[in-house]
Amino acid sequence: MEIADALRRSILGDAYPVGAQLPTESDLATEWSASRGTVRQAIAVLVAEGLIGSRQGARRIVLRRERRHSFAELNSFAQWAQSVGYATSSRFLSRTRRPATPTESERLALPDGSEILYALRLRLLEGEPAMLERTAYAGWVAPAVEALPETCPSVMNSIADEHGIVAQYGEHLLDALAASGADARLLRIPDGTPLLRQRHLTRTAAGRPIEWTDDRYVAGSVTFSVSNSADIAPLSRHAGPLDG
């Protein structure tokens, strides 16, 4: 992990720009006084994160730097990718009207059994599958989403520009789960591979729910960042019987 951390810092800094070759396994083993096997394990960590190429028998190539998506701004996947210079594309795999599940009804503040639009989209970064997006759109938003082309790059941009439906507030929940057979097939990863899941609810300025989304990211495709401030949510420490 020390070797992987050092190489990661070098990649994210200026030592190894995108397209550069890393030192050979032999050179790294000498530099770190480690075995070739240990170096290979360190490299495997960075390959899994998508920072370097996976081709065997050659010096590894730096593919990219860390993709960091901050929650400080309410940006869609496409808005974020474009803002940091990554090529992105997407495709609707399905769009279906159906009754809302209990969870969807609760999140979207709808009566039980209300009709919603359920959409499944595949999102790509730099031409590689990065995320599956499952979204329940409130019924009042459904016609706007149904009218979008299959390869619409950004639903939120489009419905804001064309219909005045603008997301103002967001709530995010993060956890992890194993890729099911369907997810693994669409994302081109082995069954059971860990996925980062982000579930989020977006609302208008008036507080009206727009969408409840379940996004499942390939490990290493995106890094989420959260900034905290003691001015906003101070951490206080109170004296207790064990304090001294």
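See the structure shown above.
None of these values were measured; they are calculated from a predicted model.

**Q** Is there a simple way to think about the overall build of the protein chain in this case?
**A** Within the protein chain, the regular secondary structure consists of 8 helices and 8 strands. Taken across its 244 residues, the protein chain has 40% of its residues classed as buried. As displayed, the protein chain offers around 13,400 Å² of accessible surface, 51% of which is attributable to carbon and sulfur atoms.

**Q** Got a minute to help me understand the pattern of salt bridges in this structure?
**A** Side chains that carry opposite charge are capable of pairing whenever their charged atoms lie near each other. For the coordinates displayed, the defined rule picks out 15 salt bridges. Note that E133 is salt-bridged to R123, the shortest N-O span being 2.7 Å. Of this pair, E133 sits in strand β4 (residues 128-137) while R123 sits in strand β3 (residues 115-125); the two residues are 10 residues apart in sequence, bridging distant segments of the chain. This pair shows no difference in class: E133 is buried, exactly as R123 is. One salt-bridge network, in which partners are shared between bridges, spans R134, D175, D183, R197, R199, D214 and R216.

**Q** I'm lost on the environment of A136 in this one. Help?
**A** Relative to the assigned elements, A136 resides in strand β4. By relative accessible area, which is 1% here, A136 ends up buried. As for A136 and L108, which are separated by 28 residues in sequence, their C-alpha atoms are 8.5 Å apart.

**Q** Sorry, what's going on with the packing of aromatic side chains here?
**A** Geometry of an aromatic ring pair is reported as the spacing of the ring centres plus the angle between the planes. Counted according to the given criterion, the structure contains 0 aromatic pairs. Its end group placed over the ring of F92, R95 keeps NZ or CZ at 4.0 Å from the ring centre. Of note, R208 hangs over the ring of W140, and the distance from its end group to the ring centre comes to 4.1 Å.

**Q** Can you walk me through the environment of T193 in this structure?
**A** Considering the arrangement of structural elements, one finds T193 in the loop between α8 (181-187) and β6 (194-203). Accessibility expressed as a relative area gives 18% for T193, which makes it buried. Linking T193 and A179, residues 14 residues apart in sequence, is a C-alpha distance of 5.3 Å. T193 has contacts with L177, A178 and A179, leaving out every residue within four places of it along the chain.

**Q** Sorry, what's going on with unusual backbone geometry here?
**A** Trans is the common state for peptide bonds, and a negative phi is the common state for residues other than glycine. At S33, a residue that is not glycine, the phi angle is positive and equals roughly 50 degrees. For S33, the position within the fold is in the loop between α2 (25-32) and α3 (36-48). In this model, A109 sits at a positive phi of 55 degrees, which is unusual for a non-glycine residue. Along the chain, A109 falls in the loop between α5 (102-107) and β3.

What counts and what doesn't
Residues numbered from 1 in each chain as written. Predicted model: local features only at pLDDT ≥ 70, side-chain atom pairs only at ≥ 80, totals over all residues. Heavy atoms only, no water. Helix = DSSP H or I, 4+ residues; strand = E, 2+ residues; numbered from the N terminus. Buried < 20%, exposed > 50% of the residue type's maximum accessible area, 1.4 Å probe, protein only. Areas by Shrake-Rupley, 256 points an atom, 1.4 Å probe, with all protein chains shown as cover. Salt bridge = Lys/Arg side-chain N within 4 Å of Asp/Glu carboxyl O. Phe/Tyr/Trp six-rings, centres within 6.5 Å; stacked < 30°, edge-to-face > 60°. Lys NZ or Arg CZ within 6 Å of the ring centre and 35° of its normal. Contact = heavy atoms within 4.5 Å.

Remember, this is a structural readout, not a statement about activity or role.
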